[in-house]
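Residue-level structure breakdown
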Amino acid sequence: MQHISIMVPEVLSLVPSGAKIIVDGTTWHGGHTLAMAQKFPDATIAAMDRDVAMLEHARERCADIDKITFVNDSYANFAQYISGIDFILLDIGVNREHFEDRSRWFSIHDDGPLDMRFD
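In this report, we go over the structure that sits alongside the text. (Residues numbered from 1 in each chain as written. Predicted model: local features only at pLDDT ≥ 70, side-chain atom pairs only at ≥ 80, totals over all residues. Heavy atoms only, no water.)

Comments concerning the overall build of the protein chain
Condition: In this description a helix means any DSSP run of H or I spanning at least four residues, a strand means any run of E spanning at least two, and both kinds are numbered starting from the N terminus. Whether two residues touch is decided by their heavy atoms; if any such pair falls within 4.5 Å, the residues are in contact. All accessibility values rest on the Shrake-Rupley procedure with a 1.4 Å probe; residue burial counts only the protein chains present in the view.
Counting secondary structure elements, the protein chain contains 4 helices and 4 strands. Each helix (α) and strand (β) of the protein chain, taken in turn from the N terminus, gives the series α-β-α-β-α-β-β-α. Intrachain contacts of the protein chain at a sequence separation of at least 6 include 56% that bridge at least 24 residues. Per element, the accessible surface of the protein chain, about 7,200 Å² overall, is 53% carbon and sulfur.

Remarks on the environment of Asp 86
As a reminder of what qualifies: Relative accessibility thresholds used throughout: buried, under 20% of the residue-type maximum; exposed, over 50%; partly exposed, between the two (1.4 Å probe, protein chains only). Two N or O atoms count as a polar contact when they lie within 3.5 Å, although within protein this holds only if one can serve as hydrogen donor and the other as acceptor, and sequence-adjacent residues are included solely when both atoms are side-chain atoms.
Along the chain, Asp 86 turns up in the loop between strand 3 (68–71) and strand 4 (87–89). Overall, Asp 86 belongs to the partly exposed group, its relative accessible area being 38%. Excluding residues that lie within four positions of it along the chain, Asp 86 makes contacts with Pro 16, Ala 19, Lys 20 and Ile 21. Among the polar contacts listed, one links the side chain of Asp 86 to the backbone nitrogen of Lys 20, at a separation of 2.7 Å.

Details of the layout of surface pockets
To keep it simple, the criterion reads: Here a cavity denotes grid points, spaced 1 Å and computed from the protein atoms alone, that fit a 1.4 Å probe unable to get out, and a pocket denotes an open set having protein on both sides within 12 Å along at least 5 of 7 lines; residues with an atom within 4 Å of a point are the lining. Grid points are joined across faces, edges and corners, and a volume is the space filled by probe spheres set on the points. When residues are grouped by polarity, Ala, Val, Leu, Ile, Met, Phe, Trp, Tyr, Cys and Pro land in nonpolar, Asp, Glu, Lys and Arg in charged, and all others, Gly among them, in polar.
The computed volume of the largest pocket comes to approximately 420 Å³. Contributing to the lining of the largest pocket are 24 residues, with His 3, Ser 5, Ile 6, Trp 28 and Asp 91 lying nearest its centre. Looking at the lining of the largest pocket, the elements with two or more residues in it are helix 2 (31–39) and helix 4 (96–100). Its residues assigned to classes, the lining of the largest pocket shows 9 nonpolar, 10 polar and 5 charged.

Topic: the side chain of Asp 24
Selection rule: His is not counted here, nor are the chain ends, while Lys and Arg score as positive and Asp and Glu score as negative. Salt bridges are identified by distance alone: a Lys or Arg side-chain nitrogen within 4 Å of an Asp or Glu carboxyl oxygen.
By the secondary structure assignment, Asp 24 is in strand 1 (residues 21–24). In this structure, Asp 24 is buried with no salt-bridge partner, the nearest side chain bearing the opposite charge being Arg 61 at 9.3 Å.

Distances and angles like these do not, on their own, reveal function.
Next up, the structure:
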């Protein structure tokens, strides 16, 4: 089952027209990343996530778009990778998957290791 991003129209309405450099600082499954890439085909997009599993979901979902750079790091470090940003999206929080899958370190349903880091 593919994750469905909410608030896509609202996010897209906030991106300045003619944006050339966009950062999705918490790309999760890549839904907003994909929508921004489709609406702004001339933009370069940096899709960032500390969680390599989430970044892989996004990479698979956006495989047909070549103007996306995937970065496995915290959004706090975006300036190390890209400058001159026109728009940055931060969906700050945890993904439901982190809580439901005990191997993801945050489980509230089953016993598992308690780590609470995304990396």
